[in-house]
Amino acid sequence: MRKMPKQKRSREMVERLLDSTAATLAERGLNDTTTNHIAERAGVSIGSLYQYFPDKESLLEALMVRVGDRISSVFREHATNLQYVEFDLKTVSNYLILYGIETIKNDSLSLEIMKSWNGLPLEYLLDPLEKFFLSMAQPYFVHHYQDYPIQHLEGKLYVLINSTLLTVVRYLQSAPNNDVTEKKLAHILSDMIVALLTPQPKV
């Protein structure tokens, strides 16, 4: 971003441009989206767009950050209302994976992101999501410390979170040509999570 949105008017312009980027990407797809299309939809000149974003890539980076923030906010609210810390690990993992898949399927922008992930700066989306899910896991395992006295918890969660996120991305990319149902996928992934995090009995 060339120009930091410190003033209210500038922040509003950035939000308008990101709204336009999201709508254009969802409608036209990644390859057919240009900065001219985005500026036109936002009702601004291409020069005004370039004051805030030097190119399409910087718009996409900022959009990925915003999508990650919104997903995190929705998940946090939903999981908190669910009182997720009260459930066993299998139940809460299975439920939230299915919830995530359903949320993505019902959002045209999210679906386009899944389809075009090789051409998008996904690290700007996945890195914040990884940190978010780590932060959500901490109170859960504090609450269940007697059930899951896990060594190397952060490392194991890093592997599980990224494995789950990327598996869901690949699954949605290939839909509807999957032989594995969403319920089966969630069941397999939640079994993986439980297996890695459950202490093994001493022999």
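What counts and what doesn't
- Residues numbered from 1 in each chain as written.
- Predicted model: local features only at pLDDT ≥ 70, side-chain atom pairs only at ≥ 80, totals over all residues.
- Heavy atoms only, no water.
- Helix = DSSP H or I, 4+ residues; strand = E, 2+ residues; numbered from the N terminus.
- Expected span 1.5 Å × (residues − 1).
- Polar contact = N/O pair within 3.5 Å; in protein donor to acceptor, adjacent residues only side chain to side chain.
- Core = buried A, V, L, I, M, F, W, Y, C linked by side-chain atoms within 4.5 Å.
- Buried < 20%, exposed > 50% of the residue type's maximum accessible area, 1.4 Å probe, protein only.
- Contact = heavy atoms within 4.5 Å.
- Phe/Tyr/Trp six-rings, centres within 6.5 Å; stacked < 30°, edge-to-face > 60°.
- pLDDT = per-residue confidence, 0-100.
- Salt bridge = Lys/Arg side-chain N within 4 Å of Asp/Glu carboxyl O.

A. Summary view of helix α4 (residues 56-82). Its 27 residues place the ends of α4 38 Å apart at the C-alpha level, agreeing with the 39 Å of an ideal helix rising 1.5 Å per residue. Its side-chain oxygen at 3.3 Å from the backbone nitrogen of Glu 57, Asp 55 defines the N-terminal cap of α4. Of the residues trailing α4, Gln 83 is marked for its positive phi of about 55 degrees.

B. Just the nonpolar core, in detail. Of all hydrophobic cores here, the largest spans 59 residues; its most connected members are Leu 17, Phe 53, Ile 113 and Phe 141. With 9 residues, helix α7 (residues 123-143) is the single largest residue contributor to this core. Residues in contact with Phe 141, not counting those within four places in the same chain, are Leu 89, Tyr 148, Ile 150, Leu 153, Leu 157 and Leu 197.

C. Region of the structure containing the side chain of His 144. Looking at the secondary structure, you find His 144 in the loop between α7 and α8 (153-174). Residue His 144 is classed as buried on the basis of its relative accessible area of 12%.

D. Examining the environment of Val 74 more closely. One can find Val 74 in helix α4. Through-space distance from the C-alpha of Val 74 to that of Glu 40 is 30 Å; in sequence the pair is 34 residues apart.

E. Structural context of the packing of aromatic side chains. Applying the stated criterion to the full structure yields 5 aromatic pairs. Relative to Phe 141, the ring of Tyr 140 lies with its centre 5.3 Å away and its plane at 80 degrees, an arrangement referred to as edge-to-face. On the basis of relative accessibility, which here comes to 3%, the residue Tyr 140 falls in the buried class. Overall, the relative accessible area of 8% leaves Phe 141 in the buried class.

F. View of the confidence of the model for the chain. The share of residues in the chain with pLDDT of 70 or more is 96%, and the mean pLDDT across the chain is 89. For the chain, helix α6 (residues 108-115) is the element with the lowest average pLDDT, namely 88, and helix α2 (residues 35-42) is the one with the highest, namely 97.

G. Expanded view of α7. Its 21 residues give α7 an end-to-end C-alpha distance of 30 Å, which sits within 8% of 30 Å, the value for a rise of 1.5 Å per residue. Looking only at α7, the buried set comprises Leu 125, Leu 126, Leu 129, Glu 130, Phe 132, Leu 134, Met 136, Ala 137, Tyr 140 and Phe 141. Where the residues of α7 are buried, they touch α4, α5 (89-105), α6, α8 and α9 (182-197).

H. Main features of the side chain of Lys 56. Its place among the elements puts Lys 56 in helix α4. One polar contact links the side chain of Lys 56 to the main-chain carbonyl oxygen of Leu 30, over a distance of 2.8 Å. Once residues within four sequence positions are removed from consideration, Lys 56 is found in contact with Leu 30, Thr 33 and Thr 35.

I. Highlighting the pattern of salt bridges. In total, this model carries 5 salt bridges according to the counting rule given. Here Arg 41 ties to Glu 27 by a salt bridge, and the two come within 2.7 Å at their closest N and O atoms. Of the two residues, Arg 41 is situated in helix α2 and Glu 27 in helix α1 (residues 8-28); the sequence distance between them amounts to 14 residues. Given the relative accessible area of 40%, Arg 41 is considered partly exposed. Through salt bridges that share partners, Glu 15, Asp 19 and Arg 66 make up one connected network.

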